[in-house]
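Reading the structure
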Amino acid sequence: MQVMTEHTERDGDYEHHGGFPVYAADPDNGGPHFGRLVEALRTVQDLAVSTAPPPEVIAQAAEQAEALAALLAPYTAPEGHYPAGRSVGLPGRGSLLMLPWTVEKFDRTGVRSTGVFRRYHMGGNGAAHGGVLPLLFDDLFGMITHAAGRPISRTGYLHVNYRKITPLETPLVVEGRVDRVDGRKTFVSARLTEPDGTLLADAEALMIVLLPGQP
Ligand SMILES: CCCCCCCCCCCCCCCC(=O)SCCNC(=O)CCNC(=O)[C@H](O)C(C)(C)COP(=O)(O)OP(=O)(O)OC[C@H]1O[C@@H](n2cnc3c(N)ncnc32)[C@H](O)[C@@H]1OP(=O)(O)O
């Protein structure tokens, strides 16, 4: 994966991030065990939505989950000071919110990412929930804007066309680019496909550069 902070050229006002703090990537990806922890938690999410254990096992699982929460609670840190979301070497940057996908291309011409939708992303009848596709696209559009050297921007609108049922636990590809820039406005688009190119969904969005002080 290419380093997400490398740019050959940036817009002149790149360093003006509105009122948005500038967060640095975590060079250690949270240390030697963080990726393992996040992956284990995702597996727990998979199992939490797809198992039917007896009450005594649920009680045991609840106790262990409560013990894990108690273990981590004393280490709560301010935004930008924990590895989740900043570990660019991990799937989904080590964030449990993001799709656990891996960035394969990240440059001014666009961003491509690959991965699977997991069991905890299921909507119905074995297909991905419609709400997780905008999440995938929105984060991709943020990365595309960043990779293109545009200043920190927020999504003004995001339109998704669902072309075909999106399967779970199947390797997929999402790729997008900047189509057009007009002042503060960056128009972006992307496609979600199967590896053979079959189109599952496409999306377009408007990313708007924040003005000084805008949150
Ligand atoms: C740590 C290391 C990591 C490294 C690796 C980094 C990777 C990094 C990945 C991050 C990935 C996250 C990416 C998530 C991105 C979000 O999801 S952000 C969250 C969702 N979005 C929001 O919450 C935005 C909420 N809205 C707002 O805050 C304000 O509306 C905005 C966006 C700041 C714009 O407000 P404003 O400054 O008052 O601007 P406004 O004059 O209304 O609009 C500017 C222009 O856009 C147009 N416009 C605005 N809205 C629209 C619209 N909906 N439709 C059409 N036109 C519009 C206006 O007409 C205007 O056009 P012109 O008149 O200039 O031609």
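Look above for the structure.
Residues numbered from 1 in each chain as written. Predicted model: local features only at pLDDT ≥ 70, side-chain atom pairs only at ≥ 80, totals over all residues. Heavy atoms only, no water.

1. Remarks on the layout of surface pockets
In this structure, the second largest pocket encloses a volume near 400 Å³. Every residue lining the second largest pocket is counted, 15 residues in all, and those nearest its centre are Phe34, Leu72, Tyr82, Pro83 and Ala84. Considering each element in turn, the lining of the second largest pocket owes the most residues, four residues, to helix H1 (residues 34-48). (1 Å grid on protein atoms, 1.4 Å probe; cavity = no way out; pocket = protein on both sides within 12 Å on 5 of 7 lines; lining within 4 Å. Points joined across faces, edges and corners; volume = space filled by probe spheres on them. Helix = DSSP H or I, 4+ residues; strand = E, 2+ residues; numbered from the N terminus.)

2. Details of the sheet that holds strand S8 (residues 199-209)
Read across the open sheet, the six strands follow the order S1-S2-S6-S7-S8-S5; overall the sheet is antiparallel. Each of the sheet's edge strands pairs with one partner strand only, and the pair in question is strand S1 (102-107) and strand S5 (153-162). Pairs of neighbouring strands in the sheet enclose a mean axial angle of 15°, with direction left out of account. Examined bridge by bridge, S5 and S8 share nine bridges and lie antiparallel to one another. In the strand pairing of S8, histidine 159 is matched with glutamate 204. Here helix H3 (residues 132-147) sits on the sheet in contact with S1, strand S2 (110-115), S5, strand S6 (172-182), strand S7 (185-193) and S8, set at roughly 130° to S7. (Pairing = 2+ DSSP bridges. Axes fitted to C-alpha atoms, helices over the stretch in contact; angles between N-to-C directions. Contact = heavy atoms within 4.5 Å.)

3. Concerning H3
Between the first and last C-alpha of H3 there are 22 Å, a value that for 16 residues agrees with the 22 Å anticipated at 1.5 Å per step. Taken as a whole, H3 has its buried residues at Val132, Leu133, Leu136, Phe137, Asp139, Leu140, Phe141, Met143, Ile144, Thr145 and Ala147. At the C-terminal side of H3, glycine 149 shows a positive phi close to 80°. (Expected span 1.5 Å × (residues − 1). Buried < 20%, exposed > 50% of the residue type's maximum accessible area, 1.4 Å probe, protein only.)

4. Structural notes on the environment of valine 178
Of note, valine 178 is situated in strand S6. Separated by 10 residues in the primary sequence, valine 178 and valine 188 have C-alpha atoms spaced 4.4 Å apart. Ignoring any residue separated from it by four or fewer positions in sequence, one finds valine 178 in contact with Ile144, Ala148, Thr186, Phe187 and Val188.

5. Description of a nonpolar patch on the surface
A contiguous nonpolar patch, built from Leu37, Leu68, Leu71 and Leu72 and spanning about 320 Å² of accessible area, is present on the exposed surface. Note that leucine 68 resides in helix H2 (residues 55-72). The class of leucine 68 is partly exposed, set by a relative accessible area of 32%. (Patch = residues over 30% accessible without salt bridge, like charges linked within 9 Å, V, L, I, M, F, W, Y side chains within 5 Å. Areas by Shrake-Rupley, 256 points an atom, 1.4 Å probe, with all protein chains shown as cover. Salt bridge = Lys/Arg side-chain N within 4 Å of Asp/Glu carboxyl O.)

6. Let's talk about the side chain of serine 189
Assignment of secondary structure puts serine 189 in strand S7. With a relative accessible area of 17%, serine 189 lands in the buried category. Only 2.7 Å separates the side chain of serine 189 from the side chain of aspartate 179, close enough to count as a polar contact. When sequence neighbours within four positions are dropped, the list of residues in contact with serine 189 reads Phe141, Ile144, Glu175, Gly176, Arg177, Asp179, Ala203 and Glu204. (Polar contact = N/O pair within 3.5 Å; in protein donor to acceptor, adjacent residues only side chain to side chain.)

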